[in-house]
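Now for the letters of each chain:
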Amino acid sequence: MKNLCLLLLALLGMEFSTYAQVAFVIPTASFYYDVALDEKGNSFIFGLCGRDISKHDFDRGPEEYFVEPNGTFFLASYDVRGELRFAFSLDDLSPQQLGNYSLMFPTLSLDEQSNVYISGVFSGWIDFDPGQAKYDLMTEEITIEHGFLLSYSKDGDFRFVRDLGRTNNSKIYAETSKSGNTYLTYVLNGEVSLEGKNEGSVSVGESSQYSFILAFFDNKGRLTYSHPFYKGHLSINLAARIGIDEAENVFLVNKLFRDIDLAPGQEVVDLGVDTVKEDFFYFAKYTSGGTFISAKLISNNFAEGFLGFPYEMDVSPNGDFVLSGRTAGGAVFGLENQDAQKLVFPDLFFASYSKTGEYKSSFTLGFPNSIQYDGSDASPLEVIFREDGKVVVAGFFRGNKDFDPSSGTARIADVNYNLLNAFVATYDISGNLEEILGLSSEKGESTILNADINQNNQLLISGEYSDEVDFDPSTDTLFLREYRKAPFLALWNVDRVSGLNAGFGDKTFDFEIFPNPVTDQLQISLSGQTDTIEIKLLDAQGRLVETLLEGNTILTEQLFSWSRNPIIPAGTYFVQCIGNGFSLTKPIILVK
């Protein structure tokens with residue numbers, strides 16, 4: 001692991017014109033974590049420490065910053081260069097440290113001051129203050145889970161934690177506004193007392209009964225509004241997806257079930273469904289004070305689960321919202337528009353709606369059931385609005401997947417279609433493909449589990465990879481090598497990315513090197529056009545070993561040979577090709 005970090009630091013020190021600003025391995029064995037990105041490009045990661053690692057070194061460079069393995073959750077932050085800002089774990093105070101800590105994915109978000117807000121599920125006895133003081137929460141038994149809302153400053157100083165009560169083993173869905181107000185939904189088992197903003201303690205829920213809760217908190221963790229939509233028996237994943245617009249109106253999307261009270265204090269909202277025999281999904285909208293605005297059915301039978309998360313949602317500043325996930329086969333995304341009906345093999349879907357819940361557009365990448373399925377599919381795990389109104393969908397795929405829902409084709413090149421591969425696709429609100437990017441690898445796997453984007457169009461992605469993967473989606477390269485499955489974090493400047501590693505786009509210059517590994521004679525094939533060209537051989541620290549070619553004009557294609565100097569030792573090197581407006585780098589191994 002340490003050699004990997006050293007090699008990556010050497011790569012980042014080179015004068016490469018790369019779209020990937022940084023990429024590195026997250027020092028945890030667990031994939032239960034979330035990420036967030038502030039406007040300065042600082043990344044924040046909150047997750048579960050892996051117990052099978054004796055120590056967690058959070059400094060990815062030659063320095064060491066260890067977090068001890070007796071921790072439960074961890075929080076770490078890195079700057080735009082990938083340098084460690086801070087890292088700590090939370091102490092498990094349980095006897096014999098038997099806490100389960102987090103059984104579902106936590107959620108992490110930031111306010112405009114970069115204060116950190118986290119929601120999740122824990123069990124046991126945990127001290128949430130990493131400093132000298134102690135602020136601990138404890139569940140009734142080691143096997144009982146409680147929800148929590150937790151906050152730290154941008155520098156990792158403890159601000160507050162709130163016990164949300166006993167949960168139904170359910171993910172807590174939450175969104176935080178720029179001002180630091182947090183809006184969340186979850187399933188509460190029983191009753192909990194929460195600190196109110198104006199009236200001290202506030203009781204939420206009812207004893208010995210499940211409730212589907214909508215709750216709002218201010219930036220100091222004080223409850224400002226709560227409402228139980230439903231009381232009675234609840235299944236595991238009925239907490240609603242939640243989003244907010246610029247005015248902090250609250251948007252919910254959820255599966256419809258009997259006796260739900262969408263308009264607290266008002267008459268029952270009639271959604272036009274007498275029974276709940278089909279899997280209908282509804283949209284509901286509220287003010288930041290909890291006042292009901294509107295609700296309607298938007299689709300049915302659309303979601304197939306992956307790890308318990310069948311779809312994701314995001315809301316634009318003006319209130320348009322999108323859903324993306326995997327279809328369950330038949331799906332109607334706009335109930336008033338039968339043209340939106342799809343009957344497909346399970347695959348990626350995309351659906352957009354206006355701020356009033358009116359259907360706008362939808363597509364699915366699945367094959368119609370009348371056509372033989374070719375084995376390709378895609379699973380989106382994040383959907384995010386960009387500042388310009390475009391929508392980023394990220395996840396993983398397998399097979400020779402076409403990401404263009406129109407008559408065109410857009411496939412990610414340079415991947416092994418028999419393995420899982422990460423993708424980042426950008427669509428407009430009408431579902432037209434803008435660009436498709438992926439992590440290239442001939443033999444490694446990669447998946448994207450989490451993502452965030454800031455106003456500067458810097459995109460933070462995280463997930464898992466194995467073997468050897470190129471984390472730069474342009475024609476440059478930024479390789480990580482890890483021969484076991486490992487979590488990663490990567491930061492891209494998406495303003496500079498334009499579909500260059502997909503099956504479309506303007507790829508004007510490229511080069512190939514063979515054989516690789518090489519003993520003495522290397523062939524370099526150049527294709528494209530440039531007025532000047534310079535090709536260098538660099539060592540693993542980015543130092544110039546030899547200039548292979550300089551000053552030639554390349555018009556179409558050219559092949560030339562390089563004879564290795566016997567004094568150059570065996571090892572890993574890089575061939576760097578620099579021309580008009582581009583810099584391309586590829587690894588090479590010299591052997592004896």
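Everything numeric here is computed off the predicted structure, so don't read it as measured data. (Residues numbered from 1 in each chain as written. Predicted model: local features only at pLDDT ≥ 70, side-chain atom pairs only at ≥ 80, totals over all residues. Heavy atoms only, no water.)

Of all residues in the protein chain, 77% have pLDDT values of 70 or greater, and the mean over the chain is 79. Per-residue pLDDT stays below 50 along residues 305–309; that stretch engages in twelve contacts with residues further than four places along the chain or on separate chains. Confidence over residues 497–507 falls short of pLDDT 50; this stretch has 36 contacts with residues more than four positions distant or in other chains. (pLDDT = per-residue confidence, 0-100. Contact = heavy atoms within 4.5 Å.)

This paragraph deals with the pattern of salt bridges. Where charged atoms from two side chains of opposite charge come close, those side chains can pair. As enumerated under the stated definition, the model contains eleven salt bridges in all. For the salt bridge of Asp388 with Arg386, the shortest nitrogen-to-oxygen distance reads 2.7 Å. Assessed through its relative accessible area of 12%, Arg386 is described here as buried. Between Lys536 and Glu534 there is a salt bridge, with the nearest N and O atoms lying 3.9 Å from each other. Accessibility expressed as a relative area gives 22% for Glu534, which makes it partly exposed. (Salt bridge = Lys/Arg side-chain N within 4 Å of Asp/Glu carboxyl O. Buried < 20%, exposed > 50% of the residue type's maximum accessible area, 1.4 Å probe, protein only.)

Another point: the pairing of strand β33 (residues 458–470). A large share of β33 lies buried, amounting to twelve of its 13 residues. Direction of pairing for strand β32 (residues 445–453) relative to β33: antiparallel, over a ladder of eight bridges. Within β33, the residue paired with Ile448 across the bridge is Gly463. The turn joining β32 and β33, which pair antiparallel and follow one another in sequence, is formed by four residues; a positive phi near 60 degrees is taken by Asn457. (Helix = DSSP H or I, 4+ residues; strand = E, 2+ residues; numbered from the N terminus. Pairing = 2+ DSSP bridges.)

Here the focus is the side chain of Ser177. Turning to its location among the elements, Ser177 is positioned in the loop between β14 (173–176) and β15 (182–195). Within the local environment of Ser177, its side chain forms a polar contact with the side chain of Ser179, the two groups lying 3.0 Å apart. Within the structure, the side chain of Ser177 is placed 3.1 Å from the side chain of Glu248, a separation counted as a polar contact. Setting aside residues no more than four positions away along its own chain, Ser177 makes contact with Leu110, Asp111, Ile244 and Glu248. (Polar contact = N/O pair within 3.5 Å; in protein donor to acceptor, adjacent residues only side chain to side chain.)

Read from one edge to the other, the open sheet built from four strands follows the order β22-β23-β26-β27, with strand pairing classed as antiparallel. Either end of the sheet is taken by a strand with one partner, and the two such strands are β22 (311–315) and β27 (359–364). Adjacent strand axes in the sheet meet at a mean angle of 10 degrees, parallel and antiparallel pairs treated alike. Where strand β26 (residues 348–353) meets β27, five bridges bridge the pair, whose relative direction is antiparallel. (Axes fitted to C-alpha atoms, helices over the stretch in contact; angles between N-to-C directions.)

We now examine the sheet that holds strand β12 (residues 146–152). Read across the sheet, four strands follow the order β8-β9-β12-β13 without closing on themselves; strand pairing throughout is antiparallel. Only two strands of the sheet have a single neighbouring strand rather than two, namely β8 (107–110) and β13 (158–166). Going across the sheet, the axis of each strand differs from the next one's by a mean of 15 degrees, ignoring polarity. Pairing of strand β9 (residues 116–122) with β12 involves seven bridges; the strand directions are antiparallel. Across the sheet, Ser119 pairs through a bridge with Leu149, a residue of β12.

Following the sequence through the fold, Tyr33 ends up in strand β2 (residues 33–37). For Tyr33, a relative accessible area of 0% puts it in the buried group. Put simply, Tyr33 and Leu75 are 42 residues apart on the chain and 9.6 Å apart in space, counted from C-alpha to C-alpha. A distance of 3.0 Å separates a polar side-chain atom of Tyr33 from the backbone oxygen of Gly463.

The full count for this structure, using the stated rule, is 29 aromatic pairs. Residues Phe86 and Phe88 carry aromatic rings whose centres are separated by 6.1 Å and whose planes lie at 15 degrees to one another, so their mutual orientation is stacked. Each of the two residues, Phe86 as well as Phe88, counts as buried. Look at Phe350 and Phe363: their rings are 5.2 Å apart centre to centre, the planes differ by 10 degrees, and that puts the pair in the stacked class. Here Phe350 is found in strand β26, whereas its partner Phe363 is found in strand β27, with 13 residues between them in sequence. On the basis of relative accessibility, which here comes to 6%, the residue Phe363 falls in the buried class. Here the aromatic residues Phe44, Phe86, Phe88, Tyr135, Tyr152 and Phe158 are joined through ring pairs into a cluster of three or more. Across from the ring centre of Tyr311, 4.3 Å away, lies the NZ or CZ of Arg241, which sits over that ring. (Phe/Tyr/Trp six-rings, centres within 6.5 Å; stacked < 30°, edge-to-face > 60°. Lys NZ or Arg CZ within 6 Å of the ring centre and 35° of its normal.)

A few words now on unusual backbone geometry. Following Phe514, the chain continues to Pro515 via a peptide bond in cis, the omega torsion being -10 degrees. Locating Pro515 in the fold gives a position in the loop between β35 (509–514) and β36 (521–528). For the bond from Asn516 to Pro517, the omega torsion is 10 degrees, close enough to zero to count as cis. Mapped onto the elements, Pro517 comes out in the loop between β35 and β36. Within the chain, Asn457 stands out as a residue other than glycine whose phi angle is a positive 60 degrees. Position of Asn457 among the secondary structure elements: in the loop between β32 and β33. The phi torsion at Asp467 lies on the positive side, around 70 degrees, for a residue other than glycine. Looking at the element boundaries, Asp467 is found in strand β33.

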